[in-house]
Amino acid sequence: MSRAESPPRADARTAVEPGSRRGPSPLWTFGLFRDELVTTFRRWRTIALLGVLAAVPVLIGIAVKIETNGGSSAGGDRGQGPAFIAQITNNGLFLVFTGLAATLPFFLPMAIGVIAGDAIAGEANAGTLRYLLVAPAGRTRLLLTKYATTMTFCLVATLVVAVSAFAVGALLFPLGELTTISGTRIGLGEGLGRALLIALVVAASLTGVAALGLFVSTLTNSGIAAMATTVGLLITVQILDQIPQLHALQPYFFSHYWLSFADLMRDPVYWDGLVRDLGLQGLYVAVFGSAAWARFTTKDITA
């Protein structure tokens, strides 16, 4: 059910009584955040996005299983395919790393772009944005709630990929000790811990896209236009990041260090790429988050 079709949600967004000067309580703020989460994750679009993300590791696992039934190695004789794919047949946990590597360049950020792009513009398009601002949220609080909801989706989407990959990997392939990129061996428990840490790093790597999408969402009253623009910018940046002549600019593209999470599978861990990635995402959050706040707090709300 869309937000426009739903009756007014008075539980978390009821306006204060006339003459009341008190701001919203922390409990009310939590109620607003909870309400946004419920609305977001009940949408068929959100469920479809999560379903597609969950299906990617399943398809990879089945493809590897079929290919290796004949005795050939995963990825072909030249080791083609996403990172870690050649190790899946030895340990199903590597399907988690492969699934994240396969979805991070496009599928995961595209899903984040859809959710972030629709955050404000979708409300304006549905005619509910003015109603939300009647409640004692204030524009800043509402914007922060929208971003927190988008970040929650980032984490959930990443964990959906990781959990789906682990389930398929455990079902189709053996589990046990892992061989790191450095050639050392670690136990399954430590491997699971690193898999969880990698999932968290991947989710954090999408914070820049979320902030960019939220900013775009404040520029238009069309949810479709905001989503399309965010996804278009994502594709454009990915293309520019592959052009050798732009090597001086590429370290500033939000996607440049995304695959540095592979360094968590080294022993010892290489932190340089991870620190650059998280620092760059923080810069994007600061710049585009501030731009979104400046735009939204001065925007004439007509819908």
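Our structure's up above, just so we're on the same page.
## Comments concerning the nonpolar core
Inference 1: Ranked by size, the top nonpolar core spans 74 residues in total, and within it Ile88, Val96, Phe97, Phe153, Ile198, Phe254 and Phe261 carry the most contacts.
Inference 2: Ignoring any residue separated from it by four or fewer positions in sequence, one finds phenylalanine 254 in contact with Val209, Leu212, Leu234, Val237, Leu280, Gln281 and Tyr284.

## Some thoughts on the side chain of serine 260
Inference 1: Relative to the assigned elements, serine 260 resides in the loop between α10 (223–240) and α11 (272–298).
Inference 2: For serine 260, the side chain forms a polar contact with the main-chain oxygen of glycine 273, separated by 3.5 Å.
Inference 3: If we skip the residues at most four places from it in the chain, serine 260 touches Gly273, Leu274 and Asp277.

## Some words on α11
Inference 1: Given a rise of 1.5 Å per residue, 27 residues ought to cover 39 Å, and the 39 Å separating the end C-alpha atoms of α11 matches this to within 8%.
Inference 2: The complete set of buried residues in α11 reads Gly273, Leu274, Asp277, Leu280, Gln281, Tyr284, Ala292 and Phe296.

## Here's the deal with empty space enclosed by the protein
Inference 1: Scanning the model with the defined rule gives 1 cavity of 30 Å³ or more in all.
Inference 2: When its volume is computed, the largest cavity comes out at roughly 120 Å³.
Inference 3: Surrounding the largest cavity, 14 residues form its lining, Thr40, Arg43, Ile115, Ala119 and Lys146 being those nearest its centre.
Inference 4: Residue assignment for the lining of the largest cavity shows that the elements contributing at least two residues are α2 (26–42), α5 (107–126) and α7 (138–172).
Inference 5: When residues in the lining of the largest cavity are grouped by element, the largest group, 6 residues, is from α5.

## Some details on the packing of helix α8 (residues 188–205) against α11
Inference 1: At their nearest, the axes of α8 and α11 sit 9 Å apart, and the two run at 35° to each other. For the pair α8 and α11, the contacting residues are Val201, Ala204 and Ser205 in the first and Leu274, Asp277, Leu278 and Gln281 in the second.

Thresholds applied
Every chain's residues receive numbers from 1 upward, in the order its sequence appears when written. Under the rules for a predicted model, residues below a pLDDT of 70 receive no local features and side-chain atom pairs below 80 are neither given nor counted, while totals for whole chains, interfaces and linings still include all residues. Think of the side-chain values as coming from all heavy atoms in the structure, minus any hydrogens and water. Buried residues of nine kinds, namely Ala, Val, Leu, Ile, Met, Phe, Trp, Tyr and Cys, make up a nonpolar core once their side-chain atoms join them within 4.5 Å. The rule is simple: take the accessible area with a 1.4 Å probe, protein chains only, and divide by the maximum for that residue type; under 20% is buried, over 50% is exposed, in between is partly exposed. We call two residues contacting when some pair of their heavy atoms lies within 4.5 Å. In this text, helices come from DSSP runs of H or I with a minimum length of four residues, and strands from runs of E with a minimum of two, each type numbered from the N-terminal end. Between N or O atoms, a polar contact is any pair within 3.5 Å; within protein, one atom must be a potential hydrogen donor and the other a potential acceptor, and residues adjacent in sequence are included only when both atoms are from side chains. Under the convention used throughout, the expected extent of a helix is 1.5 Å for every residue step, that is, one less than its residue count. Computed over the protein atoms alone on a 1 Å grid, cavities are sets of points where a 1.4 Å probe fits but cannot get out and pockets are open sets with protein on both sides within 12 Å along at least five of seven lines; a residue lines them when it has an atom within 4 Å of a point. Grid points are joined across faces, edges and corners, and a volume is the space filled by probe spheres set on the points. Lines fitted to C-alpha atoms define the axes, with helix axes restricted to the stretch in contact, and inter-axis angles between N-to-C directions lie between 0 and 180 degrees.

None of the figures reported here should be taken as evidence of function without further support.
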